[in-house]
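# Observations on the three-dimensional arrangement
Okay, here's what each chain looks like letter by letter:
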Amino acid sequence: APASASASAPVPAKAKKVTWDVEYIMWAPDCQQRVMIGINGTFPGPTITARAGELVSVTVNNKLHTEGLVIHWHGMRQVGTPWADGTASISQCAINPGESFTYEFVADKPGTFFYHGHFGMQRAAGLYGSLIVEATAEQDEPFRKDYDGGELNMLLSDWYHDNVFAQAAGLERKDKHFQWIGEPQTILINGRGQYECMLGKVNNYHRGIYKYAKTCVRDKEAKLCRDEERCERRSECGPYCPESQCAPVIFDVEPGKTYRLRIASTTTLSALNLQVEGHELTVVEADGNPVEPFTVTDIDIYSGESYSVLLTTNQIPTYYKPGAFWISVGVRGRHPKTLSATAVLRYTNSKLQWPTSAPPETPAFDDIERSKRFTYRIKALKNAVTPPPKRAMLNRTIVMLNTQTLVRGHVKWAINNVSLTLPATPYLGAYFYGLQGSAFDATGEPPNGFPDEYNIRLPPVNSSYNATLSDRVYELPYGALVDVVLQNADMLKETVSETHPWHLHGHDFWVMGYGEGRYDAKKDLPNLNTDNPPLRNTVVVFPHGWTVLRFVADNTGAWAFHCHIEPHLHMGMGAVFIEGVDKMHDLNVPKEAMMCGVIRTAAAVHLTPASRTRSTAPATPPAP
Ligand SMILES: O=C1O[C@H]([C@@H](O)CO)C(O)=C1O
């Protein structure tokens, strides 16, 4: 059930304390050496495993030479610790080079999560790793009794050879010089991939990407890849040798057991599809919430999402099927310019190290109906907590039209024609010290909707409806039941509309429904799913469609709500929700996290937390 923000968070079980040095490292995640952001000298960052209710304490030493950094704990609700959410300009200042900052928060719910950088495009530079929270009670993960094997952890990501500075510069260029980041070079499984090399025999035509993949035809012992030019010379010893940084991951499993595969995606862009040759997958968890189990041959997973699926090693090894199976992860939703990534599921009684077959093919990238069928099957467990009835509470509805648009020649994304730009002062600190009037545009909120006459099937008509840049925020009444309607539409190119995975910080929300075309409250509100809406922290809105999510604004803090596609947030596809304005000064906000922007200057005049008597209306900016 969503956390009820009690002022005094439960006394945590025991602390999990780690110290991380974050620095640039040379690494070859897809057999090509590049500069990445590593933690304690490795990529991906170390996996944190905690038990639900445990206090996690991560001291981050910023060893980058010229960049600030923050780390977001994706899926943690940070109840009572909003300054630990790790969002630059929102929950804290960036940790400067040479500085340290300790994130301390309760791993409040069991599930499959991950952490990642949340400043600039540093997540895309490799700043991420797994965060696993284990259940302490049976009722939290009822499917726990259904797997007798171990757990396999898969963190999926995509990888670009361009560095994030080049990507950002390209996105910020004006007019026809705008440079989209394009498709990734490689898909990674636990940070490993093989650039332009498809392990295993590839059928002679692999749906338009054959030209990218000189097959690595292996000799009969399936040990080495003969196609040296493609698969071997790419790194110190090629993708097949275990110590290579790009060697595919091999999961050793006992035959005849059921395993829990934890799968999370922190891709910069790609929507992915995962399947395990010869094995079905039973979906049991989504974003750390149990779901009504259902069995599929493959799952779609969008950036920011996580799942647990159960897999039974029920294949009988034969001469033709030696007990080693491909795990195949391919791109969906956008025309793949990237080969599928492969890992291996190997039964311990298998003689061979490598499967002898071609990896299973990824479903057609443009079969959007297939994508919707999978997403729509995800439902809450029968006895799960359902949303409180709207009439019973103060409630608020925000309709968000999501358009790609232009602002003075720059390609941006905008919500109700406002493109989010973040201030130098973190919102949380500005409210804590009562400086919101001078830290950002506190004269009002972004629009709550968009004009009736807007046609979502046409590109934005910029002449009459100019997009603006703004750091305005939505102030949500504390305890209100909030509906957000994500409304997709045409991009700048007519008829083009893309799938966007939206992630909310500080909360899980109920996914109340999806629909085609323009959302119509009269028609659609009565049909929302109040029986078994799944709780999630990330949800997709499909092309030219709408998605409604609902949550209770009961977590004091400043929370980002944005598309989890890294360039889209960079281009302004996001919003900020402020909750519990009047409770901010009850928080014990660590001032070292806030000393930047106007707070730094105000500190010079003996800054003190705002008094209790402050009115709730956004403070008016000081007279010019
Ligand atoms: O913002 C984006 O830019 C590209 C394309 O619209 C321009 O190349 C794309 O697919 C986006 O999502």
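Look above for the structure.
Residues numbered from 1 in each chain as written. Predicted model: local features only at pLDDT ≥ 70, side-chain atom pairs only at ≥ 80, totals over all residues. Heavy atoms only, no water.

Surrounding the ligand, one finds Phe178, Trp180, Arg334, Gln404, Trp413, Met491, Glu498, His568 and Met571. Between an oxygen atom of the ligand and a side-chain N or O atom of Gln404, the distance comes to 2.9 Å. Across the shell around the ligand, the residue classes tally to five nonpolar, two polar and two charged. (Near = heavy atom within 4 Å. Polar contact = N/O pair within 3.5 Å; in protein donor to acceptor, adjacent residues only side chain to side chain. Nonpolar A, V, L, I, M, F, W, Y, C, P; charged D, E, K, R; others polar.)

Quick look at the state of the cysteines now. Here the structure, examined in full by the defined rule, presents two disulfides. Between the sulfur of Cys31 and that of Cys246 lies a disulfide, 2.0 Å long from S to S. What sets the handedness of the Cys31 and Cys246 disulfide is the S-S torsion sign, and at about 100° it is right-handed. Here Cys31, found in the loop between strand 1 (15-27) and strand 2 (34-39), pairs with Cys246, found in the loop between helix 2 (228-232) and strand 13 (250-253); they are 215 residues apart in sequence, far enough to count as distant. For Cys246, a relative accessible area of 1% translates into the label buried. (Disulfide = S-S within 2.5 Å. Helix = DSSP H or I, 4+ residues; strand = E, 2+ residues; numbered from the N terminus. Buried < 20%, exposed > 50% of the residue type's maximum accessible area, 1.4 Å probe, protein only.)

We now examine the pairing of strand 15 (residues 271-276). For strand 15, a buried count of six out of six residues is recorded, marking the element as mostly surrounded by other parts of the structure. Here strand 15 shows two buried faces, one formed by Ala271, Asn273 and Gln275 and the other by Leu272, Leu274 and Val276. Summarising the sheet, strand 15 and strand 18 (residues 298-301) pair through four bridges and their orientation is antiparallel. Bridge pairing in strand 18 places Leu272 opposite Ile301. (Pairing = 2+ DSSP bridges.)

What follows deals with the sheet that holds strand 3 (residues 48-51). Strand order in the open sheet made by the four strands is 3-8-7-5, with mixed pairing throughout. At either margin of the open sheet sits one strand with a lone partner, and together these are strand 3 and strand 5 (71-74). Averaged over neighbouring strand pairs, the angle between their axes works out to 20° when direction is ignored. In this sheet, strand 8 (residues 128-134) lies alongside strand 3 in parallel orientation, the contact comprising four bridges. Residue pairing across strands places Thr49 opposite Ile132, the latter belonging to strand 8. (Axes fitted to C-alpha atoms, helices over the stretch in contact; angles between N-to-C directions.)

Bringing the pattern of salt bridges into the picture now. Here the structure, examined in full by the defined rule, presents 27 salt bridges. One salt bridge connects Glu151 with Arg262, and the closest N-O pair in it is separated by 2.6 Å. Of this pair, Glu151 sits in strand 9 (residues 151-159) while Arg262 sits in strand 14 (residues 258-265); the two residues are 111 residues apart in sequence, bridging distant segments of the chain. Lys522 is the salt-bridge partner of Asp520, the closest N and O atoms lying 3.8 Å from each other. Each of Glu141, Glu151, Arg260, Arg262 and Glu285 takes part in a single network of salt bridges with overlapping partners. (Salt bridge = Lys/Arg side-chain N within 4 Å of Asp/Glu carboxyl O.)

Looking now at the pairing of strand 21 (residues 341-347). In terms of burial, strand 21 is largely enclosed, as seven of its seven residues are buried. The side-chain alternation of strand 21 yields two buried faces, one formed by Ala341, Ala343, Leu345 and Tyr347 and the other by Thr342, Val344 and Arg346. Taken together, the four bridges between strand 13 and strand 21 define a ladder with parallel strand orientation. By the bridge assignment, Ile250 is partnered in strand 21 with Val344. As judged from the six bridges shared by strand 20 (residues 324-332) and strand 21, these two strands associate in the antiparallel manner. Bridge pairing links Ser328 to Thr342 in strand 21.

Looking at the second largest pocket, its volume works out to about 780 Å³. Lining of the second largest pocket is provided by 41 residues; of these, Ala88, Ser89, Phe119, Gly120 and Leu422 occupy positions nearest its centre. The class makeup of the residues in the lining of the second largest pocket is 20 nonpolar, 14 polar and seven charged. (1 Å grid on protein atoms, 1.4 Å probe; cavity = no way out; pocket = protein on both sides within 12 Å on 5 of 7 lines; lining within 4 Å. Points joined across faces, edges and corners; volume = space filled by probe spheres on them.)

On to unusual backbone geometry. Put simply, Phe43 and Pro44 share a cis peptide bond, and its omega is -10°. Within the secondary structure, Pro44 is located in the loop between strand 2 and strand 3. Phi is positive for Asp175, close to 50°, though the residue is something other than glycine. Take Asp175: it is sitting in the loop between helix 1 (164-171) and strand 10 (186-189). A positive phi angle, close to 50°, is found at Arg408, a residue other than glycine. By relative accessible area, which is 65% here, Arg408 ends up exposed.

In terms of nonpolar packing, the biggest core is built from 91 residues, with Trp73, Tyr103, Met400, Phe551 and Phe577 touching the most fellow members. Here the element with the most residues in this core is helix 4 (residues 427-432); it accounts for five residues. In this structure, Leu261, Ala286, Val291 and Val296 belong to the second largest nonpolar core, which totals 35 residues. (Core = buried A, V, L, I, M, F, W, Y, C linked by side-chain atoms within 4.5 Å.)

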